[in-house]
Amino acid sequence: MRRTRAALLGAATALVSARGTANIPVSDIADAAGVSRQLVYLHYGDRDNLLLEAALDLARRELTEPWEDAPGEAVGRDRALAIARHFAAHQGFYRAMFATASAFALNQVVCGLLAPLRREALLARFGETAIPPGIADDLAVFVAGGGAALMSAWLTSGEDPLDPESMADRLQSIGRLLTTGLPRP
């Protein structure tokens, strides 16, 4: 099942990226993955759930897993640049996904994936005493949600080719502005 899942998610991502639209028939995705349409429906229910899961898988593999072991390093220019490069490298896929009826759900899923990492990074950088516990959770959701909204706008209306360096600078500037009121440990 693991190989089938990876094949389906990879096929979905590749087809959406190549065609620039999320309106890909389930039969095309199934054919590209070498599975039956029935298997797609059995495991994902419909195309939108499959595409949402493909986006989540891509974000998880490239945006969260590499930073899970070092949350203190998950803030800063290197992290902002890694995020911008990820979205620029997968621009076709994300641009198509953010232009669908699933855009809100995609934003929620990506925020849900990134917010815990944001929280850990903020606490690692500023310490538990600088950010009250409830505020740390709220700030993490706020930062992750705002970052996702900014990425969506950059992907869908930014000038081609996208400039990850410039976006990293923008993310850094916003992060500095948001955290200037927090005392450093």
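This text goes with the structure placed above it.
Residues numbered from 1 in each chain as written. Predicted model: local features only at pLDDT ≥ 70, side-chain atom pairs only at ≥ 80, totals over all residues. Heavy atoms only, no water.

### A few points about the overall build of the protein chain
Scanning the protein chain from N- to C-terminus turns up nine helices and zero strands. Counting from the amino terminus, helix and strand elements in the protein chain follow one another as α-α-α-α-α-α-α-α-α. The C-alpha radius of gyration of the protein chain comes to 18 Å, within 12% of the 16 Å expected for a compact globule of 185 residues. Referenced to the eigenvectors of the C-alpha coordinate spread, the extents of the protein chain come out at roughly 55 × 35 × 25 Å. Among the 185 residues that make up the protein chain, the fraction classed as buried is 44%. Carbon and sulfur atoms make up 54% of the accessible area of the protein chain, which totals about 9,600 Å². Taking the average place of the 18 positive charges on the side chains of the protein chain and the average place of its 21 negative ones, the gap between the two points comes to 1 Å. (Helix = DSSP H or I, 4+ residues; strand = E, 2+ residues; numbered from the N terminus. Rg over C-alpha atoms; globule rule 2.2 N^0.38 Å. Buried < 20%, exposed > 50% of the residue type's maximum accessible area, 1.4 Å probe, protein only. Areas by Shrake-Rupley, 256 points an atom, 1.4 Å probe, with all protein chains shown as cover. Lys, Arg positive; Asp, Glu negative; His and termini not counted. Charge placed at Lys NZ, Arg CZ, Asp CG, Glu CD.)

### Remarks on the layout of surface pockets
The computed volume of the largest pocket comes to approximately 590 Å³. Taken together, 28 residues form the lining of the largest pocket, with Ile83, Arg118, Val143, Leu171 and Gly175 sitting closest to its centre. Sorting elements by how many residues they give to the lining of the largest pocket places helix α8 (residues 133–157) first, with eight residues. Split into classes, the residues belonging to the lining of the largest pocket amount to 18 nonpolar, six polar and four charged. (1 Å grid on protein atoms, 1.4 Å probe; cavity = no way out; pocket = protein on both sides within 12 Å on 5 of 7 lines; lining within 4 Å. Points joined across faces, edges and corners; volume = space filled by probe spheres on them. Nonpolar A, V, L, I, M, F, W, Y, C, P; charged D, E, K, R; others polar.)

### Re a nonpolar patch on the surface
On the surface, Phe142, Ile174 and Leu178 cluster together into a nonpolar patch covering about 290 Å² of accessible area. Within the secondary structure, Leu178 is located in helix α9 (residues 164–179). For Leu178, a relative accessible area of 36% corresponds to the partly exposed category. (Patch = residues over 30% accessible without salt bridge, like charges linked within 9 Å, V, L, I, M, F, W, Y side chains within 5 Å. Salt bridge = Lys/Arg side-chain N within 4 Å of Asp/Glu carboxyl O.)

### Describing the packing of aromatic side chains
According to the stated counting rule, one finds three aromatic pairs in the structure shown. Geometrically, the ring pair formed by Phe93 and Tyr94 is edge-to-face, given 5.4 Å between the ring centres and 70 degrees between the ring planes. When sorted by exposure, Phe93 lands in the same class as Tyr94, which is buried. The rings of Phe87, Phe93, Tyr94 and Phe98 are connected pair by pair, giving a single aromatic cluster. (Phe/Tyr/Trp six-rings, centres within 6.5 Å; stacked < 30°, edge-to-face > 60°.)

### Describing the environment of Gly76
Mapped onto the elements of the fold, Gly76 is located in the loop between α4 (47–64) and α5 (77–89). Taking the C-alpha atoms as reference, Gly76 lies 17 Å from Glu65; in sequence the two are 11 residues apart.

None of this, on its own, says anything about what the molecule does.
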